[in-house]
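Structural overview for review
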Amino acid sequence: MRAALRSELEETLHSRVTGVSPISGGDINQAHAVDLADGRRVFVKHNAATPPGMFEAEAHGLAWLAEAEALALPQVIAIGASFLVLELLEPGRPRADHDEELGRGLARLHAHGAREFGLDRDNFIGRLPQDNRPLPDWATFYAERRLRPMVDQARQPLGRETLAAFERLYARLPELVGPDEPPARLHGDLWGGNAHVTESGAPCLIDPAAYAGHREVDLAMMALFGGFGGRVFAAYAEAFPLEPGHTDRQALYQLYPLLVHVNLFGDGYVGGVRRALSRYV
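What about the pattern of salt bridges?
The tally for this structure, following the rule as stated, stands at 18 salt bridges. Between Lys45 and Glu58 there is a salt bridge; the shortest N-O distance is 2.9 Å. Note that Lys45 is positioned in strand 3 (residues 41-46) and Glu58 in helix 2 (residues 54-66), a separation of 13 residues in sequence. Accessibility assignment for this pair places Lys45 and Glu58 in one class, buried. Two residues, Arg172 and Glu175, come together in a salt bridge whose shortest N-O distance is 2.9 Å.

Right under this line is the structure:
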């Protein structure tokens, strides 16, 4: 850890740093468990080259999700220009009912809802900006705030035929997105690595890209990359039954994370985008 960062943390947290241990923090940022002279042990995520507002946006998303009182989330302790200090949640082994608790908790989170599709501030998915300006209906929001920005960034690897297919998809979205539902409170980046198990064995969500959208978005991403057992989905469906046709819409809602991966990690995800897209146009 840089000496300047250590000094800034001590000033912000009003306690001397007595120990620093590197821990996993994802692909973008560095992360450390930090011991303080006052007895606290905290999680510090930091990046001197972080896009402006990234850590503030993450803290805002955590607080917004916590309003639902549905699942555990790390408490925000402090925010700096190049760091975020969170409650350190030591990992544990999942207890016997962990999967059911996660499914039911996610259902409660989604059902808590929001007034409109979007969020009161923009944020990030990975290191990519995510436009959350509200729009009045889900089909328009999914086209204009989710798919189109990612497609525009990926024009070269996608190619002309795929770009034309996306234009046809946008026109069809009102008939494809499913029955009208109120906005759900979404984690927004719910792959297996963002579902943590606390020391007590309870499920906990971390690293959100939060906004209000269609609840099938979170479920589709969970299915795309794996890491969630069948009991999670069964418990969710029991607590908050899904609308008819949800399995047919799964690939539609996997398009967004696949496009994100094209823009973050390259051409290897283009085939997945094309396969999902071909189901609808």
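Quick notes on the packing of aromatic side chains
Pairs of aromatic rings are described using the distance from one ring centre to the other and the angle between the two planes. Scanning the entire structure with this criterion turns up nine aromatic pairs. Ring plane angle 25° and centroid distance 6.1 Å describe the contact between Tyr236 and Phe240, whose orientation is recorded as stacked. Of the residues examined, Phe240 reaches a relative accessible area of 24% and is grouped as partly exposed. Through pairs of rings, three or more aromatic residues link up here, namely Phe117, Trp138, Phe141, Tyr142, Tyr211 and Tyr253. Across the ring face of Tyr211, the terminal group of Arg146 is positioned such that the distance to the ring centre comes to 4.0 Å. Positioned over the ring face of Phe240 is Arg215, at 3.6 Å from the centre of the ring.

Regarding helix 3 (residues 98-112)
With 15 residues, helix 3 extends 21 Å between its outermost C-alpha atoms, agreeing within 8% with the 21 Å of an ideal straight helix rising 1.5 Å per residue. The set of residues buried in helix 3 consists of His98, Asp99, Leu102, Gly103, Gly105, Leu106, Ala107, Leu109 and His110. The inward-facing, buried residues of helix 3 abut helix 2, strand 8 (184-186), strand 9 (195-197), strand 10 (203-205), helix 7 (216-225) and helix 8 (230-239).

Considerations on the environment of Ala48
Within the fold, Ala48 resides in the loop between strand 3 and helix 2. Between the C-alpha atoms of Ala48 and Phe83, which are 35 residues apart in sequence, the distance is 8.0 Å.

Digging into unusual backbone geometry
With the exception of glycine, most residues fall at negative phi, and the peptide bonds are largely trans. With phi around 55°, His14 is a residue other than glycine that occupies positive phi space. Looking at the secondary structure, you find His14 in the loop between helix 1 (3-13) and strand 1 (17-23).

Focus on the nonpolar core
Among the nonpolar cores identified, the biggest contains 72 residues, and Phe166, Leu169, Leu173, Leu252 and Leu255 are the most heavily contacted of them. With 10 residues, the single largest contributor to this core is helix 9 (residues 246-265). Those residues in contact with Leu169 that lie beyond four places of it in its chain are Leu147, Leu176, Leu252, Leu255, Leu277, Tyr280 and Val281. Formed by 11 residues, the second largest nonpolar core is a distinct cluster that contains Leu5, Leu13, Val17 and Ala78.

Thoughts on the sheet that holds strand 2 (residues 30-36)
The antiparallel open sheet is built from five strands, whose spatial order is 1-2-3-5-4. The open sheet has two edge strands with one neighbour each: strand 1 and strand 4 (76-79). Sheet twist, expressed as the mean angle between neighbouring strand axes with direction ignored, is 25°. By the bridge criterion, five bridges tie strand 3 to strand 5 (residues 83-87) in an arrangement that is antiparallel.

The rules behind each value
Residues numbered from 1 in each chain as written. Predicted model: local features only at pLDDT ≥ 70, side-chain atom pairs only at ≥ 80, totals over all residues. Heavy atoms only, no water. Salt bridge = Lys/Arg side-chain N within 4 Å of Asp/Glu carboxyl O. Helix = DSSP H or I, 4+ residues; strand = E, 2+ residues; numbered from the N terminus. Buried < 20%, exposed > 50% of the residue type's maximum accessible area, 1.4 Å probe, protein only. Phe/Tyr/Trp six-rings, centres within 6.5 Å; stacked < 30°, edge-to-face > 60°. Lys NZ or Arg CZ within 6 Å of the ring centre and 35° of its normal. Expected span 1.5 Å × (residues − 1). Contact = heavy atoms within 4.5 Å. Core = buried A, V, L, I, M, F, W, Y, C linked by side-chain atoms within 4.5 Å. Pairing = 2+ DSSP bridges. Axes fitted to C-alpha atoms, helices over the stretch in contact; angles between N-to-C directions.

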